[in-house]
Amino acid sequence: MHAAHLFRFRLPLVRSALAAVLAIALPSVVQAEALLLVEADTGKVLEAQNATYPWYPASVTKMMTAYVTLKAVKDGKITLDTLVSVSPNATAQSPSKMGFRPGTQVTVDNALKMMLVKSANDMAVVLAEGVGGSIDGFSAMMNETAQKLGMTQTSYVNPNGLPADGQITSARDLAILARAIIHDLPEYEYFVHIPSIRFGRRVTQNFNKLIGRYPGADGFKTGFICASGYNLVASATRDGKRLIAVVLGASSGHMRAVRAAQLLDRGFSGNSLAWLQPSQGTVDQLVPVDASPPNLRDEMCGGRHHHPASDEDEDTVASTGNGSLTGGVATFSLSGLQPPTLKPSELLAAAPAPSEPIVVYTGPTRTGAALVAAVAADADRDAPAARHRGKKSRLAARKPDAAAEAKPDKDTTSKHASAKPDAATAPKAGDRPPAGTDATAAKPARPKAAAKPKTTGTSGTNETKPAQKSTSGEPKPAG
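The notes below deal with the structure included here. (Residues numbered from 1 in each chain as written. Predicted model: local features only at pLDDT ≥ 70, side-chain atom pairs only at ≥ 80, totals over all residues. Heavy atoms only, no water.)

Some words on helix α8 (residues 171-184)
Which entries qualify depends on this criterion: Secondary structure elements are taken from DSSP: a helix is a run of H or I of four residues or more, a strand is a run of E of two residues or more, and numbering for both begins at the N terminus. Take the number of residues in a helix, subtract one, and multiply by 1.5 Å to get its expected span. When accessible area is computed with a 1.4 Å probe and restricted to protein chains, residues below 20% of their type maximum are described as buried, those above 50% as exposed, and intermediate ones as partly exposed.
Here α8 is 14 residues long and its end C-alpha atoms lie 20 Å apart, about the 20 Å a rise of 1.5 Å per residue gives. Where burial is concerned, most of α8 is hidden: 12 out of the 14 residues are buried. Taken together, the buried positions of α8 are Ala171, Arg172, Asp173, Leu174, Ala175, Ile176, Leu177, Ala178, Arg179, Ala180, Ile181 and Ile182.

Shown next, in the form of structure tokens:
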């Protein structure tokens, strides 16, 4: 009894000593990163470090763009088959982007896939203008939604996360948003863990390196601007237990995935030191810190750092003229993967598990032979731009540009007057999964190529340049 009493007496001292040791051993990590791990079902906080410190969101902003858009679908204001148009304002967005010419139409379904897998900034604007009438109108919807969800540290100015005054969030708020996507939109959750997409001959892997590598990984989104560092909101499920990890300010795309995997590993295994840490309650109970967000520009992009304008890695995009051009659903199940026996850094360095890319295309929803023809036409139209991207990529390789991004306090998006969202189009009974998943017809004779469009401005011509002046929320692919 005496020993037990003595242990209880000394427990607060042990906790204080552990906190002091961590503060001394990890000063740079504490200052440069925000980390958070929560249970998806309960919101219970398992780990938190700088979780309520304000941060620049970069392209994790697109999680809210997807949430607002899919809520409009669920509420019957639009459908996944609704066509939205590419405006000159969307075309003018910095990469990463699809690079479509003004006037091009895409379905809400395809725009969401392009935005969430390729992190296409132009598609985020296309959705914003289609749902909210303008960037300002949609941003107001985003902010209203954030307040309803309890994201008290978040403010949105644009739908894609490009640098702008007042665009702020926190790890706490991003975990709240991730939980909302899981609980409010379960029928559309497949959008946040698509392994790859195919547009024409181009295949783009999801920038979230956990997808297809970390067993059970099933969400959400990456982001990078020089001021924020490398951000990631990730989730994984094992044995019916789902965890959400948020990493803000990591030093590289690889490191943010490693940090998230380490958090998830500890959560699934049961952190052996958890009993030493006081209970932090649920994510909504975390107390916000009143401060300005850290600006990591010098650490990320200053001096001899040649980071790209966004977090698109060169190995995430491949050009291929072969392979199936059907609309088959990608296999999201990672049941063949076993819980990792490798270190997270080794696990995430491996190639992703094989999966069939989801086909995306321009124009209305198509199936069967019509889908195959549409994909072939997109490939023909994209060919001149692909050659141009390859030429610029070779030039960039000879002369890298360290000034990867404009200053984060410069709003690079044009603002429009607020407009009411379009609520006129009623949904079809039971919006279905991704369009084109039933394409089983044999490939017909190749249609005549459409007239080759002239490239204008930056539309789709600079995506392969590894280090280029831009304010992109995500980097450029190796085409």
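Some thoughts on the environment of Thr365
Spelled out, the test is: Contacts described as polar in this section are N or O atom pairs within 3.5 Å, which, within protein, must combine one atom able to donate a hydrogen with one able to accept it, while residues neighboring in sequence count only if both atoms come from side chains.
Within the secondary structure, Thr365 sits in the loop between β11 (358-360) and α12 (368-398). In sequence terms Thr365 and Val108 are 257 residues apart; their C-alpha atoms lie 9.7 Å from each other. Among the polar contacts made by the side chain of Thr365, one reaches the side chain of Asp81 at a distance of 2.7 Å.

Re helix α6 (residues 121-132)
We count it as follows: Here a residue-residue contact requires only that any non-hydrogen atoms of the pair lie within 4.5 Å.
A rise of 1.5 Å per residue sets the reference length of α6, with its 12 residues, at 16 Å; its end C-alpha atoms lie 16 Å apart and thus fit the reference within 8%. Most of α6 is tucked away, with 11 of its 12 residues classed as buried. For α6, the elements touching its buried residues are α3 (62-74), β3 (83-85), α4 (88-91), β4 (105-107), α5 (108-117) and α7 (135-149). Positioned one or two residues after α6, Gly133 has a phi angle of 90 degrees, which is positive.

Description of unusual backbone geometry
Cis peptide bonds are those with omega within 30 degrees of zero, and the linkage from Pro95 to Ser96 qualifies with 5 degrees. Mapped onto the secondary structure, Ser96 falls in the loop between α4 and β4. Backbone torsion omega between Gly219 and Phe220 reads 0 degrees, so that peptide bond is classified as cis. Tracing the backbone through its elements, the reader meets Phe220 in strand β7 (residues 217-225). In this structure, Asn50 is a non-glycine residue whose phi angle is positive, near 55 degrees.

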